[in-house]
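Structure at a glance
The chain contents come next:
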Amino acid sequence: MNVRRTRQAALVACFLTPSLLIFLLYRILPLAWNVVLSFQAWSPLHPPTWVGWDNYDEMLNDDDVFWQALWNTLIFMGSQAIGAALALGIALLVNSDLKGASVYRTIVFLSYPLMTVAVAIIWRWMYNERGGLIDYVLRQLGIIHQPIAFLDSFSWALGSTIVANTWQVLGFFMIVLLTGLQNIPPHLYEAARVDGAPGWARFLRITLPMLRPSLFLCAVIGILNSFAAFDLVYVMTNGGPGHATELLITYIYKQAFGETRFDYAAALTVAQFMLLMALAWLAHRAAGGNAGAIE
Amino acid sequence: MTRRETTLLGVRHAVLVMISLVMLTPFYWVLKTSLTGENIYAYPPSLLPVRPHLFNYVDVWYLIPFPRYLLNSVIVSAIAVSGNVVLNAIAGYALTLPFPGRRAMIVLLLSCTLIPFQATIIPAYLITAHLGLLNSYLGLALPLMSTIVCIFIFKASFEAVPRSLIDAARIDGLGDVRILLRVLLPLSTSAIATNVVLAFIWSWNNFLWPLIITRDADMQTLPLGLARFLSYMEDTTGALYAFVVMVLAPGLLVFLMAQSSFMRGLTAGATKG
Amino acid sequence: MRRRRFLAGTVATALARPAIAQTSKKITFLSWNIVDQAEMFKRWFAAFQAEHPGVEIEWLDKKGPDVPPFYQTQLAGGTPPDVVDLQGGIGIEYAAQGALLDLTPYLQAHPDVKARFNPDYLHNWVWEGKNWLVPFYIAKTLLFYNKTLFQKAGLAGPATSFDELLSHAAKIGSGGEDQTGFLTLNFDWLYWALFRMNDVELLSPDMKQPAFDTAKMVEVTEKLAKATAGTAINKISWTGRWVEPLGAFASGKVGMLNAHSSAYFFLKGQGAWINQDTLGVGELPGNWSVPSLHGYAISKGTKNPDLAWAFVDFCTTRKQVEEMAQSRRILTAYTDVDNALVARLEKEEPLAHAVLATQLEYTDKLCGNWPLPNDSRVKDAFYPELQNALLGRKDAKSALAEASRKVARELRRV
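Residues numbered from 1 in each chain as written. Chains lettered and ligands numbered in written order. Predicted model: local features only at pLDDT ≥ 70, side-chain atom pairs only at ≥ 80, totals over all residues.

Let's shift gears to the overall build of chain B. The number of helices and strands found in chain B is 13 helices and 0 strands. Put simply, chain B runs from its N terminus to its C terminus through helices and strands in the order α-α-α-α-α-α-α-α-α-α-α-α-α. In terms of C-alpha radius of gyration, chain B reaches 23 Å, well past the compact-globule figure of 19 Å for 273 residues. If you line up chain B on its principal axes, its C-alpha atoms span 70 × 70 × 30 Å. The burial tally for chain B puts 49% of its 273 residues in the buried class. If you take every contact in chain B between residues at least 6 apart in sequence, the share linking residues at least 24 apart comes to 77%. (Helix = DSSP H or I, 4+ residues; strand = E, 2+ residues; numbered from the N terminus. Rg over C-alpha atoms; globule rule 2.2 N^0.38 Å. Buried ≥ 20, exposed ≤ 12 C-beta atoms within 10 Å, placed from the backbone. Contact = placed C-beta atoms within 7 Å.)

Here it is, written out as structure tokens:
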């Protein structure tokens, strides 16, 4: 028994090491670099000096762009939840032996394999006031009479980028939720139907709880999407107009490479990391506290 | 089927068709713009291509070394995908076994997803330089050779295999590795397919990393080509959109070829339980 | 662990790039989005190598927004490109970061090279009394105007004062049919001439304090905001990037456009109505303009500074400059070449001639080009607030006060 345990432990170590090594090199060490840098004043001309909480102080007390970006990022996360809900609806529709289900599934997922830069170019074109489809349709339907410059508008820019993002990631949520739906044993539904439970009760009592691991995965994906949205925002609006579409991720990048403030960008990265930890932890609790596992 | 069931089915199809149209419209709009002969900025835009022509595509083909970039993207993605399937499967399996610190390891891995690439550019570059992998295919693929989401997909798939099967295998005397290879993996085709598709998408579409670590023009991948074209041409003509179509086509084609087994793998899961 | 090393070993040997032989000298040249000139550059490199045997030239081209992350990582890795093509304020920023080589000694040692350039343009990159870049592609803002719309509004020609400019814009804007009077580009500091012509200063002479929180600045901003709220100034002026403003002017519905000469080719491509009789070219009131220049810099970390200089010298030699000017139809700050090109265009393409001629005039009235070591930060501190005021989201006084506070903070940080 002991031999087996040690052998198993060695196996675990062996199997985890390659992946861990990659994450160590490309995520953990860089994060540590960021943490250290966030407490320093970086300059290309001389070695970094220690400044304690200065960067964080500026970020929290003297930077409205940070708060704007934070707010936009939270809105963006919220939109991910809506996207997941929509995807759940679609997944339920294409579930089971519906004729042509695979065709529908493929069509919905088709937008995900696209390069985000390409998606941004495509949607920027869709939103164009002259040659774009959206203004054209709205005007033809009589909903508006003057073209709206969606991406140049303080009120519409963020929503417009969110629509583009949702279009791109809907398929991904759908796939994850479909896999989860497929894994629910049908006999649970049978038993419930026999007991006389109506459709919505079956949904709330059986489907949703059994989907918890998949929903948690969707939350993680939502976070990944907010990173991938970098390309979307960068190409569609570059954070503008003003900072109406600035996300934390774009703000970090601009501080690092636009204004060469690596120290401040590091502080922003750490702040974003903490925010996402909090969100992930909330998702973990909402998923019943057993992240990623199926019982 | 009863009349009510038929109506419901009809409604279901109608909704799905509408959703499909909405999802496909942007594709169509870009395709139309790349083919149309009108001034694309004139209002109102026409819904069908006017005097369609393929000249934009010809322009693009001659403008950049498309085949070379395509080859680079293929090689990098091949490395990334194969690395992913192997590394993620074994890591996912390891997470299903009991070991001290398992909880902490799961938390650690999940926290790694919270670190965006943009924040890691300079350290990642320096590390890759130390490894001597700048400007190489392996260097391009390395950061993406294992992904946490996919590890968890494997883990979830392995855990969904009935305990009875695993116990039976252990009684037969199969060791952990054999259990993975003979019992778990064959039942996890959907997870493998998902892994392949996602790893392919993420490595194929990666833009910022190749930008940073390739110096030679002929080591560049396809997304970089798109970006270069974008700036040079701006949005003046349909040529930009022809280029978008050409960049998206290979990825989409590969996906469409793989999607049947990818999607089939999903329905196979319905027999579990 | 083993598996990875094995994989790394085989694949790396099979696929990694071979190391460049250390015996030959190598220069890396990073250009900013000139990939369309590949043929020309290949010829240049061959000619340079003929003059300098044993030298290898590595050419990298990145588009504008990609240059900073690429350059910074190369710098962090200790392998910055030897010769870099930089645009505008980034030149001074990188110089202030210590990334660039001081070119003053080279220019002093080669007065013939220095004499090639228009001194005002060369002066664009002087910081702390030293030269950091030499120009090779110049453009500055000018006024494009739609003669048809002008005639329709009963206007003879471009305005000669700020208030007249606004009244012209108002007249055209009131012509109905989605017309607006005036549009400007807003990136970098391209709109600054509008303020400079009113004798407003952004910074104190020593560039340590903001100097724009004044009644005059508030007045000018309020006038512009009022014009933007109506149809005199097109709102895209303050929110658009490149395609939107130029596209709007090219659609024929805007009376005046403040843009630099590079815009001309885009406009001509987009606007079928544009020809000599319909497109007017002129200067803004006061003849103020904002330059947008590209120049060559040498990285301080170069291993072959003299060779890098020889390369820069070569690229700015008359023959090469003429080739580039001819094939890209650009001005280069090489005075003789520019004058010759403009003269030739007078017969061949009168409209292009008119556009490019403005680029060589009034080079003593350049503005919006302060040699700031933290240009992008100052821009980011200033512009969003100004934008708020111009779009009526905030009143001018408080917006400018806030901008002043933020700019002061950035200047303190230097």
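Back to the write-up after that little detour.
Right, let's get into the interface of chain B and chain A. Contacts between the two partners involve 76 residues from chain B, matched on the other side by 74 residues from chain A. Every element with two or more residues in the side of chain B that touches chain A is listed here: α1 (3–35), α3 (66–96), α4 (102–112), α5 (121–130), α7 (148–159), α10 (189–204), α12 (222–233) and α13 (239–268) of chain B.

Residues and elements named next belong to chain C. For chain C, the assigned domains read domain 1 (12–138 + 292–360) and domain 2 (141–289 + 365–413). Between the C-alpha centres of domain 1 and domain 2 there is a distance of 30 Å. Across the boundary between the two partners, domain 1 contributes 18 residues, which contact 19 residues of domain 2. Mapped onto the side of domain 1 that touches domain 2, the elements with two or more residues apiece are α4 (89–96), β4 (126–127) and α18 (350–360). (Domains from an automatic or database assignment.)

This part is about the interface of chain A and chain C. Contact with chain A, which involves 16 residues of that partner, is made by 20 residues of chain C. Going through the elements one at a time, α1 (2–38) and α11 (248–258) of chain A are the ones with two or more residues in the side of chain A that touches chain C. Counting residues per element, the side of chain A that touches chain C draws most heavily on α1 of chain A, which supplies 3 residues. Residue composition of the side of chain A that touches chain C, by class: 7 nonpolar, 6 polar and 3 charged. (Nonpolar A, V, L, I, M, F, W, Y, C, P; charged D, E, K, R; others polar.)

Attention shifts here to helix α9 (residues 176–184) of chain B. Residues and elements named next belong to chain B. Listed in full, the buried residues belonging to α9 are Ile-179, Leu-180 and Leu-184. For α9, the buried positions fall inside an angular range of 100 degrees around the axis, keeping them on one side. Elements in contact with the buried residues of α9: α3, α7 and α8 (163–171). (Arc of directions from axis to C-beta.)

On to the packing of helix α4 (residues 101–109) of chain A against α1 of chain B. At a minimum axis separation of 9 Å, α4 of chain A and α1 of chain B run at an interaxial angle of 30 degrees. Between α4 of chain A and α1 of chain B, the interaxial angle falls into the category roughly parallel. The handedness of the crossing between α4 of chain A and α1 of chain B is left-handed. When α4 of chain A is examined against α1 of chain B, the residues Tyr-104, Ile-107 and Val-108 of chain A are found in contact with a partner set consisting of Leu-16, Ile-19, Ser-20, Met-23 and Leu-24 of chain B. (Axes fitted to C-alpha atoms, helices over the stretch in contact; angles between N-to-C directions. Parallel < 35°, antiparallel > 145°, perpendicular 65-115°, else oblique. Left-handed = near helix turned anticlockwise from the far one by under 90°.)

All names here are of chain B. Averaged over all residues, the pLDDT of chain B equals 82, while 90% of them reach at least 70. No element of chain B has a lower mean pLDDT than α12, which averages 65, and none a higher one than helix α6 (residues 137–141), which averages 92. Here residues 268–273 is modelled with pLDDT under 50, and outside its nearest four sequence neighbours on either side it reaches 10 contacts, counting other chains as well. (pLDDT = per-residue confidence, 0-100.)

Residues and elements named next belong to chain C. In this fold, Lys-300 is placed in the loop between β10 (291–298) and α15 (305–315). Along the chain, Lys-300 and Gly-98 lie 202 residues apart, while their C-alpha atoms are 7.3 Å from each other. Residue contacts for Lys-300: discarding those within four places in its chain leaves Gly-98, Ala-99, Leu-100 and Leu-101.

In this section: the nonpolar core. In this structure, Phe-173, Met-174 and Leu-177 of chain A together with Val-244 of chain B are the most contacted members of the largest nonpolar core, which totals 299 residues. The leading source of residues in this core is helix α10 (residues 212–236) of chain A, at 18 residues. For Val-244 of chain B, the contacting residues outside a window of four places in its chain are Ala-118, Ile-121 and Ile-122 of chain A together with Val-30 of chain B. (Core = buried A, V, L, I, M, F, W, Y, C linked by C-beta atoms within 7 Å.)

With that settled, the discussion passes to unusual backbone geometry. Residues other than glycine seldom take positive phi values, yet Glu-128 of chain C does so here, at roughly 50 degrees. As for its placement among the helices and strands, Glu-128 of chain C is situated in the loop between β4 and β5 (130–131).

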